[in-house]
Structure formats: C-alpha cells, structure tokens
Amino acid sequence: MLLHFSPTKPLFSPPNLRRNPTVSPPRSLRIRAIDAAQIFDYETQLKSEYRKSSALKIAVLGFGNFGQFLSKTLVRHGHDLITHSRSDYSSAASSIGARFFHNPHDLCEQHPDVVLLCTSILSTESVLRSFPFQRLRRSTLFVDVLSVKEFPKTLFLKYLPKEFDILCTHPMFGPESGKHSWSGLPFVYDKVRIGDESSRHERCDKFLKVFESEGCRMVEMSCEEHDKHAAGSQFVTHTMGRVLEKFGVESSPINTKGYETLLDLVENTSSDSFELYYGLFMYNQNALEQLERLDMAFESIKKELFGRLHQVYRKQMFGGGEGKKTEQKLLNDGVVRVKEESSSSSSS
Ligand code: NAP
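Quick caveat, the model's predicted, so the values are computed rather than measured.

Draft legend 1. Spatial organisation of the site of the ligand. Surveying the vicinity of the ligand reveals 26 residues, the closest of which are S85, Y89, T119, S147 and S273. One nitrogen or oxygen atom from the main chain of S87 is found 2.8 Å from an oxygen atom belonging to the ligand. Its free accessible area being 880 Å², the ligand has 87% of it covered by the protein chains. Counting residues per element, the ones that place at least two in the shell around the ligand are α2 (65-76) and β6 (165-171). For the shell around the ligand, the two domains that each supply at least three residues are domain 1 (52-221) and domain 2 (234-315).

Draft legend 2. Spotlight on the pairing of strand β7 (residues 186-193). Sheet topology places β6 next to β7; five bridges connect them, and they run antiparallel. Bridged to T169 within β7 is Y189. A crossover links β7 with its parallel partner strand β8 (residues 217-220), the connecting element being helix α7 (residues 198-213), and its sense is right-handed.

Draft legend 3. Focus on the pattern of salt bridges. What the rule picks out here adds up to 15 salt bridges. In this structure, D165 engages R203 in a salt bridge whose closest nitrogen and oxygen atoms are separated by 3.0 Å. Separated by 38 residues along the polypeptide, D165 in strand β6 and R203 in helix α7 bring together distant segments of the chain. What makes R203 buried here is its relative accessible area of 10%. Ionic pairing is found between E197 and R200, a salt bridge with its closest N-O pair at 3.6 Å. In the salt-bridge network here, residues are joined through shared partners; they are D165, E197, R200 and R203.

Draft legend 4. Main features of the packing of helix α8 (residues 223-247) against helix α11 (residues 287-318). Where α8 meets α11, the axes come as close as 10 Å, and the angle between the chain directions of the two elements is 55°. The orientation of α8 with respect to α11, classified from their angle, is oblique. Here α8 and α11 pass one another in a crossing that is right-handed. Of α11, the residues touching α8 (which contributes A231, G232, F235, V236, T239 and M240) are A287, Q290, L291 and L294.

Draft legend 5. Spatial organisation of the state of the cysteines. Going through the model one piece at a time under the given rule, you end up with zero disulfides. Among the cysteines around C168, which has no disulfide bond, C223 carries the closest sulfur, lying 4.2 Å off. A relative accessible area of 0% places C168 in the buried class.

Draft legend 6. Quick look at the sheet that holds strand β4 (residues 114-117). Taken together, eight strands build an open sheet; the order of strands is β3-β2-β1-β4-β5-β6-β7-β8 and the sheet is mixed. Since the sheet does not close on itself, it has two edges, and those belong to β3 (99-100) and β8, each with one partner.

Draft legend 7. Structural detail: the nonpolar core. Ranked by internal contacts, the top residues of the largest apolar core, which has 32 residues, are I58, L70, L116, L167, W182, F207 and F211. No other element matches α7, which puts five residues into this core. Setting aside chain neighbours within four positions, we find L70 in contact with L116, C118, V145, W182 and F211. I82, L107, L128 and L155 belong to the second-largest nonpolar core, a separate cluster that totals 29 residues.

Criteria and thresholds
Residues numbered from 1 in each chain as written. Predicted model: local features only at pLDDT ≥ 70, side-chain atom pairs only at ≥ 80, totals over all residues. Heavy atoms only, no water. Near = heavy atom within 4 Å. Polar contact = N/O pair within 3.5 Å; in protein donor to acceptor, adjacent residues only side chain to side chain. Areas by Shrake-Rupley, 256 points an atom, 1.4 Å probe, with all protein chains shown as cover. Helix = DSSP H or I, 4+ residues; strand = E, 2+ residues; numbered from the N terminus. Domains from an automatic or database assignment. Pairing = 2+ DSSP bridges. Right-handed = clockwise from strand over helix to strand, strands pointing away. Salt bridge = Lys/Arg side-chain N within 4 Å of Asp/Glu carboxyl O. Buried < 20%, exposed > 50% of the residue type's maximum accessible area, 1.4 Å probe, protein only. Axes fitted to C-alpha atoms, helices over the stretch in contact; angles between N-to-C directions. Parallel < 35°, antiparallel > 145°, perpendicular 65-115°, else oblique. Left-handed = near helix turned anticlockwise from the far one by under 90°. Contact = heavy atoms within 4.5 Å. Disulfide = S-S within 2.5 Å. Core = buried A, V, L, I, M, F, W, Y, C linked by side-chain atoms within 4.5 Å.

Put into structure tokens, the structure is as follows:
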C-alpha cells in the first residue's frame, strides 16, 4: 500500500477528546490518567497518611541527656514531639525535628496524647507540684522513665488528676549502653492505671510499641518488684563504676579482658550525672541495704587476705612448736584472736 504524505496534514490526527468526549480513541492509545500520581507515589502517600493518623503527640518534660536520647527514636518512629525543659534546648529540639516550648503552659495547650517525664529523680516532686495539668486533656497518658519506680508511682497517684492514665517505665539503658542499638536491652513497665476505653489501651500499646519494635526485652513488672531487683543490680553497678572511677583505673598496654570490662563500666557510669546516682540511692528503699552489704563484702575480703598474711608472718616469726607456746602466752595476755585453719583447738 502506498501512503501519501502531505507536509501540511499530520499522518494521524487524534480525535479531539476535550471537545468531543463521546469519541473514544483507539484502544491501544487510550489515555488512562493525566497528571495522576504513580502507584509508588500513592503508596508512599498512603503510608505517610497512616503514619500521621497513628502518630502520637508526645510532650517530653525534661530535655536533658536522657530526654534527648529517647526523643530521637520517638521522632524516627513518626511521633510528633513537643518538648519543655528548665534550660533552653530549642536548637537541640529543632535539630531532631521536635518543637521546644519555654513555657509549660504553652506546651500543655498543644494537648499532647502523652506526657513523658524525663526529669531528674530529685526534682520530680517539685516539677509535678507546679505542672499546669488543668491545661491538658482529661484523658492524657502520663509516662515516666525514672530509674526508680515506686517513688514516681506514689507521686503520680498523689498529684495527677484521677482521669489521667499512668504508665511507669524504666528503659534499662542509656545514651552510652544504647548508643548502637536497643536490641535485647531490658525495658521494664507497669501499667499502673489505664482507663477502660479501648482507645486508652491502644494509645498505651502504641507507646510501648516503639521500644518493642526497637528490639527491647519487654518486662512487665510491678514498680515495687523493679526496685528490689534494681537495687541489687543497677545500684551496685553504678556504685562499683563510681568507686573504680575514684580509684582511677587507666588503660595499660597489657589490658586483660576483665580489666577492659572494668574500663567499660567506668565509661558507662561516669557519663550519668551524680544527681541520677544520688536519686538511685535516696529514692530506692532497698539501696542502703545493698550499700551496707557491699561494704561488708569488701571488709570480709580484706579480713580473709590479712588473715592469711598474718599466718605467714607468724610462722616466719615463731617457727614451729616454740611459736605455739609464745602464742599461748600472748593469748593469755588477751591479745587479738584469729582462728587458726590447721588446728581447731588453737588460736592466736
Ligand atoms: P538527670 O540528671 O537525672 O536529669 C536531668 C534532667 O532533669 C534535665 O532534663 C534537667 O533539666 C531536669 N532537671 C533537673 N533538675 C530540675 C529541676 N529542679 N526542675 C526541673 N527540671 C530539672 O539526668 P538524665 O540522664 O537526663 O536522666 C533523666 C531521667 O531519666 C532520670 O529520671 C533518670 O533516672 C532517667 N533515666 C536515665 C537513664 C540514663 O542512662 N541516663 C536511663 C534510664 C532512665 P535541664 O537540663 O533543663 O536543667
């Protein structure tokens, strides 16, 4: 077939769809969408809409060391972060995509779903006493991350309006131990008071989900039980770290693995404020007992060492049988008694 080509007439003129919508173009040339979002755009859009609708507005109270550390992850999970602290952290907040409010009243007027208390243990009561709860929604969820648990639970029950939900938590890691990953690190929580409505439970679970999906080992435990365990583990760990720091452990060219562990311990604990450590001692009723046990254990180890040294020294001084007689004399004169290991009857 011969095709006649005319330079003035196009080879194929598409029907004018705009002017005559009843005329359909040939099937293979049908235009299905004009300026429509591509499928992948649509999915991204849906995802971000879903994220927005399931995001919590979280007010972080106390934007210091630990408050900032937690906030980075909460923002990464798509939550809307608003913050307040005694000091001005506005640039730190904006650097992670959070908003900073100098005045707690302005913060509360944003009507957060969750208020996350990250202030020091020692300041908890004064912070709660002056907090403008009346500006919050009546169903707000209050969460704390204090390293002691019975103390904030008691204060929450005392100061918070009874309509508020209460979740006491302790992420058992910090900016040092959790800097690479939270995977396998313990997260203790106690749902102290969550209202009956399913939306309140969902909100609480959504908050916990952040830690769960970061791989934390989620441990539901009463605040009282937490404090018993934490005094024997966390407080002792912090104490040993501080003792070793005072002692002055330093790296050497022949570090053993055990010694490296001690250096790590000092590094981990020295980055926490002394105020935090003092809070662990003051506001956990089990801490004093653990400190006394540590003291006794140290004394007992010293006694064992000096006891043996004493025996060696005595043998060198008195030799065999002769020494026994002299010792007996000394004993009768009322000198120190140290139990002898070789014979049950004699002592010196
Ligand atoms: P921290 O010394 O225990 O607390 C510092 C925070 O408390 C700062 O936000 C500070 O605000 C605020 N603060 C102190 N005194 C205040 C007062 N009188 N009034 C109002 N705010 C006051 O150090 P942290 O490491 O950041 O710990 C914060 C909380 O997280 C503590 O309750 C701690 O037990 C808990 N926690 C810490 C870790 C950790 O590894 N660090 C781990 C788990 C739980 P400004 O900075 O604005 O002064």
